[in-house]
Amino acid sequence: MSHPNRVGRGDDRAHPSHRAAVVDGLGAWLPERVVDNHELASVLDTSDEWIRSRTGIGTRHLVAAGESTSDLAVEAGRRALKSAGTARVDAVVLATSTPDRSCPATAPEVASRLGLGGVAAFDVAAVCTGFVYALRVATGLVATGCDSVLVIGADTFSTILDPADRTTRAIFGDGAGAVTVRAGSPGEPGALLGFDLGSDGELADLIAVDAGGSRQRSSGVPAAERDHYFAMDGKPVFRHAVLRMSESTRAVRAAVGWDAADRLVAHQANARILAAVGEQLDLADEQVVRNLDRVGNTVAASIPVALADAVVDGALRPGHRTLLCGFGGGLTWGSAALVWPDLTVEAPPRRLP
Ligand code: UT7
């Protein structure tokens, strides 16, 4: 695809500050299996009523045995490339906290399976904020010479959940979403206009998998089975999510000089968090994009899957001043601002349970 505003490599080196990263493709993919709240309630002490009223979630897609993060990432990446009308990018950045293996990174395999040749490919680990962090990294790559970058958020948290933990099993789903960004100018629709990123490592214990890392391995003490599972202290995480997401979105909105935004596409962790953040931004209900009823919390995939759903449903339209916002383990948080561009997006798979 030819981009009239594309800045060539030579121009970039001369005028790096004039290159903006412009979103020009979007795709999402969800695994085939759909599990509704009633199915969860048949194996755990929970109910459709509790899950819906406390989280807003109705169904989630889960990987089948043997299916992994790269499988979902490849499908989402393929759709984003198709949406952009290109078969080539200069780099692949994959946001994930559930890589196929703890070493090496999953991105190189995803790049190969997409036929992208020997391009730079690496993972970014910022849990549910991973996609926004990866977008920021891609913006830097574009500013310093890459003409295009594929940014994927993909996670399969169902593979690390404690089968007996009714809270986390109610919340998380698997999925992948991706965008392409290309070099362009800041005045174009789709240009990433500003970011606000942050972290608080003092609260790292609130969301964690204790086993499998260097701290546990070097202790010489074998991990208990439960230590391999994801654990979250939901109540304080909820409070920090509302605070940090509200602060971060307001900061990026001010940084780009908007008096108001038209749409918030935020991490789909809990409908009550989305409502609270939307209120802080003076947004009406319909301006806050929601798809968690159908997919739950898909971690790094959450924002791009919500973007794809919103474009397909008509909730997000060209020209909308759009804020993206992620929050999650680390703790980490991050926001971005862009005017939504005119993209052709295939609907993510929607199957009834
Ligand atoms: O994605 C990264 C960021 N993550 C988040 O933003 C998640 C933020 N946290 C949350 O969304 C909420 O804290 C949860 C949805 C995780 C939990 O909701 P809550 O309203 O904070 O519930 P709670 O943990 O205070 O639990 C209230 C009660 C407890 O029972 P008791 O102690 O009052 O008898 C829980 O044991 O609800 C119980 N409970 C459940 N009951 C039925 C917890 N999970 C379930 C369940 N079904 N699935």
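Here the structure is a predicted model, which is why all the values come from computation and not from measurement.

Visitor: Would you take a moment to explain the overall build of the protein for this structure?
Guide: When you go through the protein residue by residue, the secondary structure sums to twelve helices and 13 strands. Relative to its length of 353 residues, the protein is compact, with a C-alpha radius of gyration of 19 Å against a globular reference of 20 Å. The C-alpha extent of the protein, read off along each of the three principal axes, is 60 × 45 × 40 Å. For the protein, long-range pairs separated by at least 24 residues make up 79% of all intrachain contacts whose partners lie at least 6 apart in sequence. Taken as a whole, the protein presents about 14,600 Å² of accessible surface, with 51% of it coming from carbon and sulfur. Taken together, the 34 basic and 42 acidic charged side chains of the protein have centroids lying 2 Å from each other.

Visitor: Please clarify how the sheet that holds strand β12 (residues 321-328) should be interpreted in this entry.
Guide: Across a sheet, strands are paired by hydrogen bonds formed along the backbone, either parallel or antiparallel in direction. The four strands lie next to each other as β8-β13-β12-β11, forming an open sheet whose pairing is mixed. A strand with exactly one partner marks an edge of an open sheet, and here the two such strands are β8 (194-199) and β11 (263-266). Between one strand axis and the next, the sheet turns through 15° on average, direction left out of account. The pairing of β12 with strand β13 (residues 332-339) spans eight bridges and is antiparallel. The residue bridging Leu323 from the neighbouring strand is Ala337, located in β13.

Visitor: I keep staring at the nonpolar core and nothing clicks. Help me out?
Guide: One recurring pattern in soluble globular proteins: nonpolar side chains tend to sit buried together. Within the largest apolar cluster, 44 residues are counted, with the highest numbers of intra-cluster contacts made by Leu26, Leu135, Val149, Val181 and Leu192. When near neighbours in sequence (up to four residues on either side) are disregarded, Leu135 contacts Val151, Val179, Val181, Leu192, Phe195 and Leu324. Counting residues in each nonpolar core, the second largest holds 41 residues, with Leu40, Leu62, Leu161 and Leu274 among its members.

Visitor: What am I meant to see in the site of the ligand here?
Guide: Every one of the 22 residues lining the ligand counts as a neighbour, but Thr46, Arg166, Lys235, Asn270 and Asn297 are closest to it. Within the side chain of Arg54, a nitrogen or oxygen atom sits 2.9 Å from an oxygen atom of the ligand. Within the contact set of the ligand, an oxygen atom lies 2.8 Å away from a side-chain nitrogen or oxygen of Arg166. Contact with the protein chains hides 74% of the accessible area of the ligand, taken as 950 Å² for the molecule alone. When atom positions are compared with the pocket grids, the ligand is found to occupy the second largest pocket.

Visitor: Please explain the side chain of Thr168 as it appears in this structure.
Guide: Within the secondary structure layout, Thr168 lies in helix α7 (residues 166-171). The exposure class of Thr168 is buried, given its relative accessible area of 2%. Beyond its immediate sequence surroundings of up to four residues, Thr168 is in contact with Leu161 and Phe230.

Visitor: Hey, could you run me through the confidence of the model for the protein in this one?
Guide: Low pLDDT means the predicted coordinates in that region are not meant to be read closely. With 94% of its residues at a pLDDT of 70 or more, the protein shows a mean pLDDT of 94. The low-confidence segment residues 1-16 (pLDDT under 50) makes 28 contacts with residues lying over four places distant or belonging to another chain.

Visitor: Even after reading the chapter, I still don't get a positive patch on the surface, so can you show me in this structure?
Guide: On the surface, Arg54, Lys235, Arg239 and Arg272 cluster together into a patch of positive charge. With respect to the helices and strands, Arg272 occurs in helix α10 (residues 271-280). Here Arg272 falls in the partly exposed class, since its relative accessible area comes to 33%.

Visitor: Can you walk me through the environment of Ala315 in this structure?
Guide: Within the element layout of this structure, Ala315 appears in the loop between α12 (302-313) and β12. Sequence separation of Ala315 and Glu286 is 29 residues, and the distance between their C-alpha atoms is 7.9 Å. Ignoring any residue separated from it by four or fewer positions in sequence, one finds Ala315 in contact with Arg263, Ala310 and His320.

Visitor: Sorry, what's going on with the pattern of salt bridges here?
Guide: Where side chains of opposite charge bring their charged atoms close, a pairing between them can arise. Following the criterion strictly, the structure yields 18 salt bridges and no others. Residues Arg52 and Asp48 are paired through a salt bridge, measuring 3.0 Å at the closest nitrogen-oxygen approach. Placement of the pair is Arg52 and Asp48 together in helix α3 (residues 48-55), with a separation of four residues, close to one helical turn. Assessed through its relative accessible area of 41%, Arg52 is described here as partly exposed. A salt bridge links Asp162 to Arg226, with the shortest nitrogen-to-oxygen separation between them at 2.9 Å. Note that Asp162 is positioned in the loop between β6 (148-156) and α7 and Arg226 in the loop between α8 (214-218) and β10 (230-232), a separation of 64 residues in sequence.

Visitor: Is there a simple way to explain helix α4 (residues 69-84) in this structure?
Guide: Structural remark: α-helix, 3.6 residues per turn; residues separated by three or four positions point the same way. For α4, spanning 16 residues, the distance from its first C-alpha to its last is 22 Å, which sits close to the expected 22 Å at 1.5 Å a residue. Among the 16 residues that make up α4, twelve are buried, leaving the element largely enclosed by the rest of the structure. Listed as buried for α4 are Thr69, Ser70, Leu72, Ala73, Val74, Ala76, Gly77, Arg79, Ala80, Leu81, Ser83 and Ala84. Gly85 lies just past α4 and shows a positive phi near 70°.

The rules behind these values
Residues numbered from 1 in each chain as written. Predicted model: local features only at pLDDT ≥ 70, side-chain atom pairs only at ≥ 80, totals over all residues. Heavy atoms only, no water. Helix = DSSP H or I, 4+ residues; strand = E, 2+ residues; numbered from the N terminus. Rg over C-alpha atoms; globule rule 2.2 N^0.38 Å. Contact = heavy atoms within 4.5 Å. Areas by Shrake-Rupley, 256 points an atom, 1.4 Å probe, with all protein chains shown as cover. Lys, Arg positive; Asp, Glu negative; His and termini not counted. Charge placed at Lys NZ, Arg CZ, Asp CG, Glu CD. Pairing = 2+ DSSP bridges. Axes fitted to C-alpha atoms, helices over the stretch in contact; angles between N-to-C directions. Core = buried A, V, L, I, M, F, W, Y, C linked by side-chain atoms within 4.5 Å. Buried < 20%, exposed > 50% of the residue type's maximum accessible area, 1.4 Å probe, protein only. Near = heavy atom within 4 Å. Polar contact = N/O pair within 3.5 Å; in protein donor to acceptor, adjacent residues only side chain to side chain. 1 Å grid on protein atoms, 1.4 Å probe; cavity = no way out; pocket = protein on both sides within 12 Å on 5 of 7 lines; lining within 4 Å. Sits in = over half its atoms within 2 Å of the grid points. pLDDT = per-residue confidence, 0-100. Patch = residues over 30% accessible without salt bridge, like charges linked within 9 Å, V, L, I, M, F, W, Y side chains within 5 Å. Salt bridge = Lys/Arg side-chain N within 4 Å of Asp/Glu carboxyl O. Expected span 1.5 Å × (residues − 1).

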